[in-house]
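Observations on chain architecture
Residue-level listing of the chains:
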Amino acid sequence: MLASLAYMFLIGMMLGAVFQRLRLPSLIGMLLTGIILGPYVLNLLDESILSISADLREVALITILMRAGLSLDISDLKMIGRPAVLMSFFPAIFEMSGTVLVARMLFNLPLLDAGILAAVVASASPAVIVPRMIKLIETGYGTDKKIPQLVLASDSVDDMFNIVVFTSLLGLTNGEVVSAFKFSEIPISIATGVLVGIIVGWCLVLGFKNFHLRDSIKVIILLSVAFLLVTVEEVLVIPFSGLLTVMVIGIVLLAKLPNVANRISIKFSKVWVAAEVLLFVLVGASVNITYVSAESAKTLLLLVLVLLFRAVGILLSLIGTGLNWKERLFCIFAGIPKATVQAAIGGIPLAMGLPNGGIILAIAVISILFCAPVGALILDSTYKKLLNHTE
């Protein structure tokens, strides 16, 4: 395990730096590191690392989502209320609808399999998007109209919505019935996640006020609480979003203890240096390149077309917001990256024995290899041209 960690960090950071020198996103180098070291190429990663890969990726996501919460001001969230809600659902619904139509035409998939594929592909990647939106908030790009905050607030709910649709459609393959209650889990998860986040956030505020602790200790406490909340999500009968709760805790801390929150955010940015490498290398290691099929040209065409459907959903969500065409275009670009959810669920249909599980996995793999670096590159190279800068 120690040797595997050394390979991941040293080679991941080295290739990341190489791509940065080439004016490309460093995550491309990290993804390549994972693919090369992973079980489908050189197989240099120890089984003990691969067996806990999903948990390690979740740790990295918790880190960046906590930092996202520490960057979101409640007053900003109030200003972007309606479009944030619409952005949480409309783009995914449009993209899933487009995926079903295009996948049936290009790959001749049955309706149910096309729906499962749509739920896999539709999620935008918080691992790619969140750190970039935090950077924009910190540097003042798009903050005059709260554009990074809008993207941040809607992204986590978007992923939750897609996963509920995915699990519901998978249930149909086993003869289960999709009920209205299943989809009611989405608003219930949001409500319980926000409520628990507010309660836990207030408790932490009181604790930090009454007990003098080093900021490093506060970071450890926050991470430990976040780990427990995400674990509780898996055993609770009531629908509950642990990751959303993590963000809300950060928001409460920023609202009630802004100076403390800003110092803790700096600490989390340092933790993210290691967590980012871990996340993208392990995402790369989960990519089975043997499923990059001869249908890659069709898959790329599918991805381009469904992203156009997503763009329509984003534009409809932004009606009446006062954003100019450049700012709306940036919001469309923020929907391109795909990596985290696709790596987590792309292989499940194949593992369950679905006849078209191989095609679904192949498309999920290609979506990661294409959309994550391309989306990151477009965001990194256009935000200064498309967004206003506020000192």
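Nothing here was measured: the structure is a model prediction, and the numbers come from that model. (Residues numbered from 1 in each chain as written. Predicted model: local features only at pLDDT ≥ 70, side-chain atom pairs only at ≥ 80, totals over all residues. Heavy atoms only, no water.)

1. Focus on the overall build of the protein
Summing up its helical and strand segments, the protein has 18 helices and zero strands in all. Relative to a compact globule of 391 residues, whose C-alpha radius of gyration would be 21 Å, the protein shows 20 Å and is just as compact. When its C-alpha atoms are laid out on the principal axes, the protein stretches across 60 × 50 × 45 Å. Across the 391 residues that make up the protein, the buried fraction comes to 54%. (Helix = DSSP H or I, 4+ residues; strand = E, 2+ residues; numbered from the N terminus. Rg over C-alpha atoms; globule rule 2.2 N^0.38 Å. Buried < 20%, exposed > 50% of the residue type's maximum accessible area, 1.4 Å probe, protein only.)

2. So, the environment of L318
With respect to the helices and strands, L318 occurs in the loop between α14 (296-317) and α15 (325-333). Through-space distance from the C-alpha of L318 to that of S97 is 19 Å; in sequence the pair is 221 residues apart.

3. As for the packing of aromatic side chains
Tallying each qualifying case throughout the model produces three aromatic pairs. Both rings, one in F89 and one in F161, keep their centres 5.4 Å apart while their planes meet at 85°; by these two values the pair is edge-to-face. With a gap of 72 residues between them, F89 in helix α6 (residues 81-106) and F161 in helix α9 (residues 147-173) connect regions that are remote in the sequence. The exposure class of F161 is buried, given its relative accessible area of 9%. Arranged with centres 6.3 Å apart and planes meeting at 45°, the rings of F90 and F94 form a pair that is tilted. (Phe/Tyr/Trp six-rings, centres within 6.5 Å; stacked < 30°, edge-to-face > 60°.)

4. Re helix α4 (residues 53-69)
Across its 17 residues, α4 extends 24 Å between first and last C-alpha, which sits within 8% of the 24 Å expected from 1.5 Å per residue. For α4, the tally of buried residues reaches 13 of 17 residues, placing the bulk of the element in the interior. (Expected span 1.5 Å × (residues − 1).)

5. Here's the deal with a nonpolar patch on the surface
A cluster of nonpolar residues, Y7, L32, I36, Y40, V41, L42, L44, I289, V292 and L369, forms a patch on the protein surface that exposes about 780 Å² of accessible area. Take L369: it is sitting in helix α18 (residues 357-386). By relative accessible area, which is 34% here, L369 ends up partly exposed. (Patch = residues over 30% accessible without salt bridge, like charges linked within 9 Å, V, L, I, M, F, W, Y side chains within 5 Å. Areas by Shrake-Rupley, 256 points an atom, 1.4 Å probe, with all protein chains shown as cover. Salt bridge = Lys/Arg side-chain N within 4 Å of Asp/Glu carboxyl O.)

6. Some points on the side chain of K146
Positionally, K146 belongs in the loop between α8 (126-139) and α9. Within polar-contact distance, the side chain of K146 engages the side chain of D76 at 3.0 Å. Setting aside residues up to four positions removed in sequence, K146 forms contacts with D76, M79 and I80. (Polar contact = N/O pair within 3.5 Å; in protein donor to acceptor, adjacent residues only side chain to side chain. Contact = heavy atoms within 4.5 Å.)

7. Structural notes on unusual backbone geometry
In this model, R23 sits at a positive phi of 60°, which is unusual for a non-glycine residue. Tracing the sequence through the fold places R23 in the loop between α1 (2-21) and α2 (26-37). Residue classification places R23 among the exposed residues on the basis of a relative accessible area of 75%. Phi at N43 takes a positive value of approximately 55°, unusual for a residue other than glycine.

8. Digging into the environment of G81
By secondary structure assignment, the location of G81 is in helix α6. Each C-alpha atom, one on G81 and one on L150, is 8.4 Å from the other, the two residues being 69 residues apart in sequence.

9. Some remarks on α2
Here α2 is 12 residues long and its end C-alpha atoms lie 17 Å apart, about the 16 Å a rise of 1.5 Å per residue gives. Among the residues of α2, S26, L27, I28, G29, M30, L31, T33, G34, I35 and L37 are the ones counted as buried. Contact partners of the buried residues in α2: α1, α8, α13 (258-285) and α18.

10. Comments concerning the nonpolar core
The nonpolar side chains of soluble globular proteins are, as a tendency, buried together. The biggest cluster of nonpolar side chains holds 128 residues, and the ones touching the most others in it are L222, L253 and F330. Here this core takes 14 residues from α13, the largest share from any one element. Dropping the residues within four chain positions of it, L222 is found in contact with M66, L204, F208, I249, L253, I264 and F268. (Core = buried A, V, L, I, M, F, W, Y, C linked by side-chain atoms within 4.5 Å.)

11. Overview of the confidence of the model for the protein
The predicted coordinates ought not to be read in detail in places where the model reports low pLDDT. When pLDDT is averaged along the protein, the result is 90, and 97% of the positions lie at 70 or above. When mean pLDDT is compared element by element in the protein, α15 scores highest at 97, while helix α5 (residues 74-79) scores lowest at 82. (pLDDT = per-residue confidence, 0-100.)

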